[in-house]
Amino acid sequence: MSFSKIMALVAVLTRDPRVRQSVQGPLLDAHSVATTRSWERLSWLVRERPSTAVVLDSGALPGHVAEDAAVGELRRRYPSVAAIFVVQPRADPVSLFRLGRAGRTNLVLLPATALATDVARAMHTVLLNGTSALVTRAVSSYVPSRESMTIRIALEAVQRGWATEELAAQLGLTRPHLSVRLRNVGLPSAGHLLIWAKLLHAGRWLTDPGRSAESISRQLEYSSGAAFRRALRAYVGATPTEVKEGGGLRFVLRRFLDACGLGGSVVFDRSVA
């Protein structure tokens, strides 16, 4: 899978224009990048926007927050969000040692001196455990590669706020043509596929301790938490609590495959925690 095949919303915390330029340069073509100088704003972006990954510049952390504590708090509250931690020369070596010993998954430590050459590779690595990549791998055994790609793009469309027409246009099709093509292989129409894409993201996010049904409804641009719960009940047949207790993304994906008449067991080749 090439770097350009995985798109995401990436939240970046930095006050260093060199870091910002290094991150935005190789990522902007394939990803949406939101940059902030504030730890509080970064926390808001992760909680309220459909962020898949964060880039944390150690030089932008609040003075009272150690590197391992900052990453640990982010990973504890939002384990579904991948992270690249940019290590500046002034970073506390003891804190970095503790961070390395923690062996956290979905995390890449990257020296600031390597950003210009390695940021795209690091982003590709952490996004291999993103929701779009996990679902694409899981459904690839059930649907043709062209439709598997369509599901992946639908998942990415949710993060970019695309409507159904924009999803179809990205594939070089009209909305009716896309719906026909999807239904021919047992998948929902384009509009319903986008709703399922939202709920697949919701399944992943509901297992994050730092999120609630209300915050997820805002991330997915539902008019209210009640509207999100209605969609979850109508399509998945469960409440947010039932989805969380049932396994989150695995639970929703099984229901999606059942709705498509595909069924069978779902196998992930990486952790979805």
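Keep in mind that this is a model prediction, so the values were computed, not measured.

Per-residue confidence for the chain gives a mean pLDDT of 86, with 90% of residues at or over 70. The secondary structure element of the chain with the lowest average pLDDT is helix 4 (residues 93-102), at 78, and the one with the highest is helix 12 (residues 225-236), at 97. Confidence drops under a pLDDT of 50 for residues 1-6, and excluding neighbours within four residues, the segment shows 15 contacts in the predicted structure.

Attention now goes to the pairing of strand 1 (residues 9-13). Counting buried positions along strand 1 yields five of five residues, so the element is predominantly enclosed. Across the two faces of strand 1 the burial is the same, with Leu 9, Ala 11 and Leu 13 and Val 10 and Val 12 all buried.

Time to look at the packing of helix 10 (residues 190-205) against helix 12. Across the interface, helix 10 lies against helix 12 with an axial gap of 11 Å and an inter-helix angle of 105 degrees. Taken as axis vectors, helix 10 and helix 12 run roughly perpendicular relative to one another. Residues His 192, Ile 195, Trp 196, Leu 199 and Ala 202 of helix 10 form the contact with helix 12, whose own contacting residues are Phe 228, Ala 231, Leu 232, Tyr 235 and Val 236. Residue classes in the contact of helix 10 with helix 12 are distributed as nine nonpolar, one polar and no charged.

To continue, consider unusual backbone geometry. Although it is not a glycine, Glu 221 adopts a positive phi angle of roughly 60 degrees. Residue classification places Glu 221 among the exposed residues on the basis of a relative accessible area of 51%.

As a further point, take the pattern of salt bridges. Per the counting criterion, the structure on display carries 12 salt bridges. With its nearest N and O atoms 3.0 Å apart, the salt bridge here joins Glu 48 to Arg 47. We classify Arg 47 as partly exposed; its relative accessible area is 28%. Between Asp 68 and Arg 98 there is a salt bridge, with its nearest N and O atoms 2.8 Å apart. Placement of Asp 68 in helix 3 (residues 67-77) and of Arg 98 in helix 4 is noted, with a sequence separation of 30 residues between them. One network of salt bridges, in which partners are shared, links Arg 47, Glu 48 and Arg 218.

Another point: the sheet that holds strand 3 (residues 53-57). An order of 2-1-3-4-5 is seen for the five strands of this open sheet, with the pairing classed as parallel. Each edge of the open sheet is held by one strand with a lone partner, namely strand 2 (32-36) and strand 5 (107-111). Geometrically, the sheet is characterised by an average inter-axis angle of 20 degrees between neighbouring strands, direction not taken into account. Two strands pair when backbone bridges link them, and strand 1 and strand 2 are joined in this way by five bridges, in the parallel orientation. If you follow Ala 11 over to strand 2, its bridge partner there is Ala 34. Docked against the sheet, helix 2 (residues 39-48) engages strand 1, strand 2 and strand 3, running at close to 165 degrees with respect to strand 1.

Definitions and limits used
Residues numbered from 1 in each chain as written. Predicted model: local features only at pLDDT ≥ 70, side-chain atom pairs only at ≥ 80, totals over all residues. Heavy atoms only, no water. pLDDT = per-residue confidence, 0-100. Helix = DSSP H or I, 4+ residues; strand = E, 2+ residues; numbered from the N terminus. Contact = heavy atoms within 4.5 Å. Buried < 20%, exposed > 50% of the residue type's maximum accessible area, 1.4 Å probe, protein only. Axes fitted to C-alpha atoms, helices over the stretch in contact; angles between N-to-C directions. Parallel < 35°, antiparallel > 145°, perpendicular 65-115°, else oblique. Nonpolar A, V, L, I, M, F, W, Y, C, P; charged D, E, K, R; others polar. Salt bridge = Lys/Arg side-chain N within 4 Å of Asp/Glu carboxyl O. Pairing = 2+ DSSP bridges.

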